[in-house]
Amino acid sequence: MASITLGGNPAETVGSLPTVGSQAPDFSLVANDMSTKTLADYAGKNVILNIFPSVNTGVCAASARRFNEEASKLENTTVLCVSKDLPFAQQQFCAAEGIENVEMLSDFKTGAFGQDYGVTIKGGAFDALHSRAVVVADANGNVIYNEQVAEVGEEPDYAAALAAL
């Protein structure tokens, strides 16, 4: 479990991020068209998992915008923005912001992604939402970078995540 803060208040996650060198855990997440996406759908591509509590918060929106901008420059790489937001809200955000280079995926149905990736927050104001984290997997599905952002209200280290590729 990871110790994090939310607005300076202590919180914890249910586990730890997948370790560098391990196989990225499979997932079953809901896309904006309500289809199901799994890690196998991205086989042969590098995958950046931009994980956050809700796209309707300033820092989460900023990370989606930043990775959207960076994704257009990356070869053989898909950026997945993962939260528990409903796909309708994710789609509305992307339409309003002109976000076209990342895929929004939702863990609203089961929460299994949050459990498997160790990012579900236990207790506090964001109980059961995802913490802010980034996991990068190479084209073979091996984790090559991870970052559990210590303060949920801060942005991830974009440069370090992108440098891992």
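The present account deals with the structure reproduced in this document. Computed from a predicted structure; not experimentally measured. (Residues numbered from 1 in each chain as written. Predicted model: local features only at pLDDT ≥ 70, side-chain atom pairs only at ≥ 80, totals over all residues. Heavy atoms only, no water.)

Turning next to the sheet that holds strand 3 (residues 28–31). What the seven strands build is an open sheet, ordered 4-3-7-6-5-9-10; its pairing is mixed. With one partner strand each, in any of the chains shown, strand 4 (36–38) and strand 10 (143–148) form the two edges of the open sheet. On average, adjacent strands in this sheet sit at an angle of 30 degrees to one another, irrespective of strand direction. Packing of helix 2 (residues 87–97) onto the sheet brings it into contact with strand 3, strand 6 (77–83) and strand 7 (103–106), and relative to strand 7 it is tilted by some 160 degrees. (Pairing = 2+ DSSP bridges. Helix = DSSP H or I, 4+ residues; strand = E, 2+ residues; numbered from the N terminus. Axes fitted to C-alpha atoms, helices over the stretch in contact; angles between N-to-C directions. Contact = heavy atoms within 4.5 Å.)

Of all the positions in helix 2, only Pro87, Gln90, Phe93 and Cys94 are classed as buried. Each buried residue of helix 2 lies within a common arc of 125 degrees when the element is viewed along its axis, so the set occupies one face. Exposed and facing more than 90 degrees away from the buried side of helix 2 are Phe88, Gln92, Ala95 and Ala96. Looking one or two residues beyond helix 2, the residue adopting positive phi is Gly98, at roughly 70 degrees. (Buried < 20%, exposed > 50% of the residue type's maximum accessible area, 1.4 Å probe, protein only. Arc of directions from axis to C-beta.)

Attention shifts here to the side chain of Asp85. Its place among the elements puts Asp85 in the loop between strand 6 and helix 2. Buried Asp85, no salt bridge; nearest opposite-charge side chain is Arg132, N-O distance 9.7 Å. A polar contact is formed between the side chain of Asp85 and the side chain of Ser83, at a distance of 2.8 Å. In contact with Asp85, other than residues within four places in its own chain, are Phe52, Pro53, Ser54, Val55, Asn56, Gln90, Ser106 and Phe108. (Lys, Arg positive; Asp, Glu negative; His and termini not counted. Salt bridge = Lys/Arg side-chain N within 4 Å of Asp/Glu carboxyl O. Polar contact = N/O pair within 3.5 Å; in protein donor to acceptor, adjacent residues only side chain to side chain.)

So, about the packing of aromatic side chains. Under the counting rule described, the total for this entry stands at three aromatic pairs. Of the aromatic side chains, those joined through ring pairs into one cluster are Phe27, Phe113 and Tyr117. (Phe/Tyr/Trp six-rings, centres within 6.5 Å; stacked < 30°, edge-to-face > 60°.)

In space, the three strands of this open sheet follow the order 1-2-8, with antiparallel pairing throughout. Whereas interior strands pair on both sides, the edge strands pair on one side only; in this sheet they are strand 1 (3–6) and strand 8 (121–122). Pairing of strand 1 with strand 2 (residues 9–13) involves four bridges; the strand directions are antiparallel. Each bridged residue has a counterpart across the sheet, and for Ser3 the counterpart in strand 2 is Glu12.

Worth remembering: the numbers are spatial, not functional.
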